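Coordinate analysis (summary)
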Amino acid sequence: MKKAPLLVSVLVMLLTSCQQKPAPVAVDPEAVKAELAIFMDEYNAAYKVLDINKMTALFNDDALFLGTDPAEIWDKNQIIDYFLSSGFDSTTILEFEIDRREIRVAADGNSAIIVEQFYVPLMSPKIAVRCIDKVVKTGDGWKFDFISWNMIPRNEDLPKLNAVLE
């Protein structure tokens, strides 16, 4: 009777150690980066004209969104409500050009971190925006899992900003 647990343990170890490991899939990070650059260009084009349907179709249902204000922490439904209630109409065009884009692809090629920097004159012509995104590959293509918009003043401007805020 005491041998049964030992025998079961040995069998479990043998079965798990003898299973074949899946072969690693070779990922071409440059090809994934090129694919993601197209994805981001399409998203930014929709964002500039506030095509909310096109934008939100690219969001995972459980995605997290962080705005530039500390109180702005949204889920997908909340960000949709924010966009719809923002007061922009069909004539609003958000002007911005991406100054810098960095894409870091995960080793398995199924997710990536994308950082974009740009100025949005409507928000501030003097303080840049840095958008940090996490995207994941799904059966429908790439989807946003996380987006964080951040105002990024230059370090030399911080004393001036602090003085204004006093």
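See the structure above.
The notes below deal with the structure included here. (Residues numbered from 1 in each chain as written. Predicted model: local features only at pLDDT ≥ 70, side-chain atom pairs only at ≥ 80, totals over all residues. Heavy atoms only, no water.)

**Digging into the sheet that holds strand β1 (residues 59-66)**
- Strand order in this open sheet of six strands is β2-β1-β6-β5-β4-β3, and the pairing throughout is mixed. The strands lining the two open edges of the sheet, one partner per strand, are β2 (73-74) and β3 (98-105).
- Note: β1 against β2, two bridges, orientation antiparallel. Bridge pairing in β2 links Phe 65 to Trp 74. (Pairing = 2+ DSSP bridges. Helix = DSSP H or I, 4+ residues; strand = E, 2+ residues; numbered from the N terminus.)

**So, helix α4 (residues 76-85)**
- When we look at burial in α4, the residues that qualify are Lys 76, Ile 79, Ile 80 and Phe 83. The buried residues of α4 occupy an angular sector of 100° when the element is viewed end-on, so they sit on one face. Every exposed residue of α4 that faces more than 90 degrees away from the buried side is listed here: Asn 77 and Ser 85.
- Contact partners of the buried residues in α4: α2 (29-48), α3 (52-56), β1, β2 and β6 (141-152). (Buried < 20%, exposed > 50% of the residue type's maximum accessible area, 1.4 Å probe, protein only. Arc of directions from axis to C-beta. Contact = heavy atoms within 4.5 Å.)

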